Amino acid sequence: MTESKRKFYITTPVYYVNGVPHIGHTYATLVADVMARYHRQKGDETYFLTGTDENAQKNVESAKKEGKPIQEYVNDLSSTWRETWLELGFSFDRFIRTTSTEHKNASVEFFNKVYETGDIYLGEYEGLYCVGCESFKTETELTDDGKCPDHKKKPDTIKEQNYFFKLTKYRDRLLEYIEKHPEFIQPEKRRNEVVSYIKDFMTDVSISRQSMDWGITLPIDDKHKMYVWFDALLNYFSGIGYGQDEIKFNKFWPADVQIVGKEIIKFHCAMWPAMLMSAGYELPRTIFAHGHFTIDGQKISKSLGNAINPLDLTEEYPFDAVRYFLLREITFGDDGDFSITRLKERYNSDLANDLGNLVQRALNMIGQYCDGVVDKNTDFDKAFDINVVHARIEKFEFGQALEEIWKGVSWANKHIEDNKPWELNKSGERKKLEEVLSRVYSVLTDISNALTPFMPETAERLEKFLSAEQLAPPSEPLFPRKQ
Ligand code: MSP
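Residues numbered from 1 in each chain as written. Predicted model: local features only at pLDDT ≥ 70, side-chain atom pairs only at ≥ 80, totals over all residues. Heavy atoms only, no water.

Novice: Break down the pattern of salt bridges for me, with residues and values.
Specialist: All chains considered together, the criterion is met by 30 salt bridges. Here D76 makes a salt bridge to K68, at a shortest N to O gap of 2.9 Å. Relative accessible area serves as the criterion here: at 32%, D76 is assigned to the partly exposed category. Here K407 makes a salt bridge to E404, at a shortest N to O gap of 2.9 Å. One end of the pair is K407 and the other is E404, both in helix α15 (residues 398-419) and three residues apart, which spans about a single turn. Linked by salt bridges that have partners in common, R328, E329, R342, E345, R346 and D350 make up one network. (Salt bridge = Lys/Arg side-chain N within 4 Å of Asp/Glu carboxyl O. Buried < 20%, exposed > 50% of the residue type's maximum accessible area, 1.4 Å probe, protein only. Helix = DSSP H or I, 4+ residues; strand = E, 2+ residues; numbered from the N terminus.)

Take a look at the structure:
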């Protein structure tokens, strides 16, 4: 942690409120939370933005199904999302709602900028629209029977006059930028996908709808509402005060990391940067696309109804255990299968056995053999390399970062096994006994620090046990074994 203090701005997608959060959304928010906590710990001025995408047609349809007025529906659901994130302990600095006046004003201001550039024109649109994706589809993107492969529904045919954004004008600039900035789109396989889309398939995009009465009214034509993706992307601006608080905006933009799911990279890696180029702003430093979770091989989706609510999981497991499992088990960027059986295995082996027992045993022995007092000041050789942990986090390699920390856990367990403090105590070898236990104590302190971004609650509890003047074992195990 030698680098000087910097700013760090990280975002998640804004989530549709046509249902409650599931494990997939939780994962995207979790990753942003880990990065935010890491940067705060490093001393960076950190801003973590998340929120809800409320102007979508799919929200209107869900409200109808529930028999609720749309505004009331989005208010309720947005609160549910916010409260779920709070309950899970996510450390966001701002929860942006795209129906807020602030966001609407920011979107209008940005729209006007693009309009003034001459990048918006009126045209006729006829095409297929999938409400599930909130996106137009070409025939080739559909299954043989003409359905959206993700939502298993036939798209609507839409024919109307729309305003278009001249996305194709930015084709060459986008390709050039992507080539010059390999860190811009990660992981690499997504970059390749985006490049091929921009080169071969990208067309101008319709950014207004006449047939809707929910959404942000276009400042240049009040018969039109803004296309939901155009306004949704602008949450990354409105969330840091665009058009309201220029000091804050200028401090945090460009975003350092934007976390997105792999299904929305076209919007984030082509449309969004082109919008920014058009309006004259810098592009985000990195857009990182993570993979999808399946449950028993099936895509999790609100539309398919097989979602796992993270709050249900926390009835059985502390959320830190879920955090550990997701970060350790799934390579960030790849797809992964979520299985409760695996969660339980990891919980029992890595958390209850390895870490939990270590803490219990070590503090127990320190209490019993040394009256709760150890030398806290000796600089021992390190049992794992914190610089490796940090380098892994910077590269979004959370599993490897945790593996490195667990080297410390294993080392300390082995050190106890090898040196058998209970025998040293019996034979009266005080000096050796004290040295063994203070070494273990110092590894525990390092583990607690290193765990802060990953398992904040556990790190805090550990830190509390370890900072006691007279050390004593926790009255309850950190991670009681599950049968
Ligand atoms: N509202 C848009 C995003 C606008 S951002 C300007 C949207 N919302 S969403 O709620 O459908 O999905 C948002 C994100 O949730 C995905 O990009 C992804 O990060 C996460 N996930 C949703 N389903 C997922 C899985 N099955 N697995 C993992 N994460 C997924 O798209």
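Additional details are given in the paragraphs that follow.
Novice: Before we move on, can you summarise the site of the ligand with the specific residues and values?
Specialist: Near the ligand you find 25 residues, and of these V14, D53, E263, H290 and F293 are the closest. Here a nitrogen atom of the ligand sits 2.7 Å away from a polar atom, N or O, in the side chain of D53. The backbone of F293 places a nitrogen or oxygen atom 2.9 Å from a nitrogen atom of the ligand. Where the shell around the ligand is concerned, the elements lending two or more residues are β1 (7-16), α1 (23-42), α7 (228-233), α8 (235-238) and β12 (257-261). It is β1 that contributes the most residues to the shell around the ligand, four residues altogether. For the shell around the ligand, the class distribution of residues is 13 nonpolar, nine polar and three charged. (Near = heavy atom within 4 Å. Polar contact = N/O pair within 3.5 Å; in protein donor to acceptor, adjacent residues only side chain to side chain. Nonpolar A, V, L, I, M, F, W, Y, C, P; charged D, E, K, R; others polar.)

Novice: Can you tell me about the side chain of T11, naming the residues and giving the values?
Specialist: Mapped onto the fold, T11 is located in strand β1. Given the relative accessible area of 0%, T11 is considered buried. A distance of 2.9 Å separates a polar atom in the side chain of T11 from a polar atom in the side chain of Q258. The contacts of T11, once residues within four sequence positions are left out, are L49, Y236, V257, Q258 and I259. (Contact = heavy atoms within 4.5 Å.)

Novice: Now, about the packing of aromatic side chains: what can you tell me, with residues and values included?
Specialist: According to the stated counting rule, one finds 44 aromatic pairs in the structure shown. Ring centres of F237 and F249 lie 4.7 Å apart, and the angle between their planes is 65°; on these two criteria the pair is classed as edge-to-face. Here F249 lies in helix α9 (residues 246-252) and F237 lies in helix α8, a separation of twelve residues in the sequence. No difference in accessibility class separates F237 from F249, as the two residues are buried. Where F237 meets W253, the ring centres are 4.9 Å apart and the plane angle is 70°; that geometry is what we call edge-to-face. (Phe/Tyr/Trp six-rings, centres within 6.5 Å; stacked < 30°, edge-to-face > 60°.)

Novice: Let's hear about the sheet that holds strand β9 (residues 208-209): which residues, and what values?
Specialist: Spatially, β9-β11-β10 is the arrangement adopted by the three strands of the open sheet, whose pairing is antiparallel. The two strands at the open ends of the sheet, each matched to only one other strand, are β9 and β10 (217-218). The sheet contact formed by β9 and strand β11 (residues 221-226) spans two bridges and is antiparallel. By the bridge assignment, R209 is partnered in β11 with K225. (Pairing = 2+ DSSP bridges.)

Novice: Any details on the packing of α1 against helix α12 (residues 319-329)? Residues and values, ideally.
Specialist: Relative to each other, α1 and α12 sit at 90°, their axes nearing to 11 Å. The orientation of α1 with respect to α12, classified from their angle, is roughly perpendicular. Here α1 contributes I23, T26, Y27, L30, V31, D33, V34 and R37 to the contact with α12, which in turn contributes F319, V322, R323, L326 and L327. Partitioning the contact of α1 with α12 into residue classes produces nine nonpolar, one polar and three charged. (Axes fitted to C-alpha atoms, helices over the stretch in contact; angles between N-to-C directions. Parallel < 35°, antiparallel > 145°, perpendicular 65-115°, else oblique.)

Novice: Give me the sheet that holds strand β5 (residues 135-137): which residues, what numbers.
Specialist: Spatial strand order, β5-β4-β6-β8: four strands in an open sheet with antiparallel pairing. If you trace the sheet from one side to the other, it starts and ends with β5 and β8 (205-206), each paired once. Pairing analysis gives ten bridges linking strand β4 (residues 120-130) to strand β6 (residues 156-165), with the strands arranged antiparallel. The partner of G127 across the bridge, within β6, is I158.

Novice: Please give an account of the nonpolar core that cites residues and values.
Specialist: By size, the foremost hydrophobic cluster in this structure holds 94 residues, and its most contacted members are L326, F338, F398, I405, W406, I447 and F454. A per-element tally of this core places helix α13 (residues 340-370) first, with 13 residues. Those residues in contact with W406, other than ones at most four positions away along the chain, are Y324, R328, D350, L351, D354, L355, L451 and M455. Judged by nonpolar contacts, the second largest core, of 69 residues, contains A106, I158, F184 and M275. (Core = buried A, V, L, I, M, F, W, Y, C linked by side-chain atoms within 4.5 Å.)

Novice: So what about the pairing of β6? Which residues, and what values?
Specialist: The pairing of β6 with β8 spans two bridges and is classified as antiparallel. Looking across to β8, one finds that F164 is bridged to S206.

Novice: Explain the packing of helix α2 (residues 57-66) against helix α3 (residues 70-87) to me, and be specific about the residues and the numbers.
Specialist: A pair of packed helices is characterised by two quantities: the angle between their axes and the separation of those axes. The interhelical angle for the contact between α2 and α3, taken along N-to-C directions, is 100°, at an axis separation of 9 Å. Overall, the two elements α2 and α3 adopt an arrangement that is roughly perpendicular. Of the residues in α3, those touching α2 at N59, V60, S62, A63 and E66 are I70, Y73 and V74. Of the residues contributing to the contact of α2 with α3, the split by class is five nonpolar, two polar and one charged.

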